[in-house]
Amino acid sequence: MASTETAAKDTAQDLAGLEAGLDALDAVRVSRTPVREVLLRKVLPPAVAVVLVLVVWQILIWAQVTDDYKLPSPSQVWDEVTDAWAQGTLLGYIWTSVSRGLLGFLLALAIGTPLGLLVSRVRLVRAAIGPVLSGLQSLPSVAWVPPAVIWLGLDDRMMYAVILLGAVPSIANGLVAGVDQIPPLHLRAGKTLGATGLRGTWHIVLPAALPGYLAGLKQGWAFSWRSLMAAEIIASSPDLGVGLGQLLEQGRETSSMSMVFLAIILILTVGIAIDLLIFSPLERWVLRGRGLLVKN
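Residues numbered from 1 in each chain as written. Predicted model: local features only at pLDDT ≥ 70, side-chain atom pairs only at ≥ 80, totals over all residues. Heavy atoms only, no water.

**Q** I'd like a description of the side chain of threonine 113, backed by residues and values.
**A** Tracing the sequence through the fold places threonine 113 in helix α4 (residues 90-121). Taking the relative accessible area as the measure of exposure, threonine 113 reaches 15% and is therefore buried. Ignoring anything within four residues of it in the chain, the contact list for threonine 113 reads Ala108, Ile171, Leu175 and Tyr213. (Helix = DSSP H or I, 4+ residues; strand = E, 2+ residues; numbered from the N terminus. Buried < 20%, exposed > 50% of the residue type's maximum accessible area, 1.4 Å probe, protein only. Contact = heavy atoms within 4.5 Å.)

**Q** Go over the pattern of salt bridges with me, naming the residues and quoting the values.
**A** Counted by the stated rule, this structure contains 7 salt bridges. Put simply, lysine 218 and glutamate 283 hold a salt bridge, and the shortest N to O gap is 3.2 Å. With lysine 218 in helix α10 (residues 210-234) and glutamate 283 in helix α12 (residues 257-289), the pair connects residues that are 65 residues apart, well separated along the chain. For glutamate 283, a relative accessible area of 31% translates into the label partly exposed. (Salt bridge = Lys/Arg side-chain N within 4 Å of Asp/Glu carboxyl O.)

**Q** Give a description of the side chain of glutamate 80 that names residues and reports values.
**A** Positionally, glutamate 80 belongs in helix α3 (residues 74-86). What glutamate 80 contacts, discounting residues up to four positions off in sequence, is Ser256, Ser258, Met259 and Leu262.

**Q** Before we move on, could you go through the environment of alanine 215 and cite the residues and values that matter?
**A** Residue position: alanine 215 is located in helix α10. Looking at alanine 215, the relative accessible area reads 46%, which means it is partly exposed. The sequence separation of alanine 215 and glutamate 283 amounts to 68 residues, and the corresponding C-alpha distance is 9.0 Å.

**Q** Explain the packing of aromatic side chains residue by residue, including any values.
**A** Summed over all chains, the structure comprises 4 aromatic pairs. Ring geometry for phenylalanine 105 and tryptophan 221: centres 6.0 Å apart, planes at 90 degrees, overall edge-to-face. With a gap of 116 residues between them, phenylalanine 105 in helix α4 and tryptophan 221 in helix α10 connect regions that are remote in the sequence. Residues phenylalanine 105 and tryptophan 221 agree in their burial class; the two are buried. Taking the centre distance of 5.6 Å and the plane angle of 20 degrees together, the rings of tryptophan 221 and tryptophan 225 count as stacked. Of this pair, tryptophan 221 and tryptophan 225 both sit in helix α10, 4 residues apart, which is roughly one turn of that helix. For tryptophan 221, a relative accessible area of 6% puts it in the buried group. Accessibility expressed as a relative area gives 6% for tryptophan 225, which makes it buried. Ring pairs connect the aromatic residues Phe105, Trp221, Trp225 and Phe279, which therefore count as one cluster. (Phe/Tyr/Trp six-rings, centres within 6.5 Å; stacked < 30°, edge-to-face > 60°.)

**Q** I'd love a proper account of a nonpolar patch on the surface, names of residues and values included.
**A** Taken together, the side chains of Leu268, Ile272, Leu276, Leu277, Ile278, Leu282 and Trp285 define a hydrophobic patch exposed on the protein surface, amounting to about 720 Å² of accessible area. Tracing the sequence through the fold places leucine 277 in helix α12. Residue leucine 277 is classed as exposed on the basis of its relative accessible area, which comes to 66%. (Patch = residues over 30% accessible without salt bridge, like charges linked within 9 Å, V, L, I, M, F, W, Y side chains within 5 Å. Areas by Shrake-Rupley, 256 points an atom, 1.4 Å probe, with all protein chains shown as cover.)

**Q** Which residues make up the nonpolar core, and what values go with them?
**A** In this structure, Met158, Leu175, Leu217, Trp225, Leu244, Leu247 and Phe279 are the most contacted members of the largest nonpolar core, which totals 47 residues. Apart from the residues within four sequence positions on either side, tryptophan 225 is in contact with Ser97, Val98, Leu244, Ile267, Val270 and Gly271. Counting 5 residues, the second-largest nonpolar core is a separate cluster that includes Val119, Val125, Leu133 and Val176. (Core = buried A, V, L, I, M, F, W, Y, C linked by side-chain atoms within 4.5 Å.)

**Q** Please provide a residue-by-residue account of unusual backbone geometry, values included.
**A** With a phi angle near 55 degrees, glutamine 64 is a residue other than glycine that sits in the positive phi range. Mapped onto the elements of the fold, glutamine 64 is located in the loop between α2 (35-63) and α3. Phi angles above zero are rare outside glycine, and serine 255 is one such case at about 55 degrees. On the secondary structure map, serine 255 appears in the loop between α11 (244-253) and α12.

**Q** Outline the environment of valine 286, listing residues and values.
**A** Its place among the elements puts valine 286 in helix α12. Distance in space between the C-alpha atoms of valine 286 and proline 207 is 9.4 Å, their sequence separation being 79 residues.

**Q** Break down helix α5 (residues 123-138) for me, with residues and values.
**A** With 16 residues, α5 should cover 22 Å at 1.5 Å per step; its first-to-last C-alpha distance of 22 Å lies within 8% of that length. Among the residues making up α5, those that are buried are Val125, Gly130, Leu133 and Gln137. Each element contacted by the buried residues of α5 is listed here: α4, α7 (156-180) and α10. (Expected span 1.5 Å × (residues − 1).)

**Q** Describe the packing of α5 against α7, with residues and values.
**A** α7 packs onto α5 with a crossing angle of 125 degrees between their chain directions and a minimal axis gap of 9 Å. One finds that α5 runs oblique with respect to α7. Relative to α7, α5 is oriented so that their crossing is left-handed. Residues Arg126, Leu133, Ser134, Leu136 and Gln137 of α5 touch α7, and the partners they reach there are Pro169, Ser170, Ala172, Asn173, Val176 and Asp180. Of the residues contributing to the contact of α5 with α7, the split by class is 5 nonpolar, 4 polar and 2 charged. (Axes fitted to C-alpha atoms, helices over the stretch in contact; angles between N-to-C directions. Parallel < 35°, antiparallel > 145°, perpendicular 65-115°, else oblique. Left-handed = near helix turned anticlockwise from the far one by under 90°. Nonpolar A, V, L, I, M, F, W, Y, C, P; charged D, E, K, R; others polar.)

Worth remembering: the numbers are spatial, not functional.
Spelled out as structure tokens, the structure:
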């Protein structure tokens, strides 16, 4: 009898300690990083890296490691930027590609998310479609451009078809991977609490699979952007306008390496900007929600 009372007291003390620890975790306040520290830790390193690249680039020009028409100087590329800005075409190049890429990615998101849920939750569908999705994810996006041109012609529908074929498998596979990593105990607990069907998917499955799903979204955007660039480079038409891919191809056709470098830099800049403005905040939000990021 005494041993039972002692065990009950120990259990009560353990529960009290656990509750106190959880309260302490809840009481942790997220402090904002000072602006100076943000500049030193996040802005200064990439700025220094860009400066070093420019310095090395200019040194290669001074050393004349290759012919001028093969490697333009930074000043020549900058002149290309100023000319495009003066003509009012620079923002048009960027917007044409960015608008296509974002819209195509949103369409891929609308298709890939339910497809990933279906594959992850239905065994028969997974056995039938799972290997196909993995195969499509490994297929180079440029392979879809010729058939898309033949099927849909030289218009925006072809561009979006190539983006979807490149991005949907990555988004779906990312969600499948996230669902596979959910502990079975969480799913059983959700069913016990009545979270079944669509309610269980919304309140249990998707939140628990969010890290893998977010990784799939990042990869899906990368595939969207690369697929779009491949389509714009190969399929050129006045009806399509001039995006960054077409700008790169125009530089090749006119043997203007300064234009080629301008297109490459803009493509790289857009990719970095999308990651910093969209996916990095989402990652911090997910980590903070799981208690893995205390300081902003």
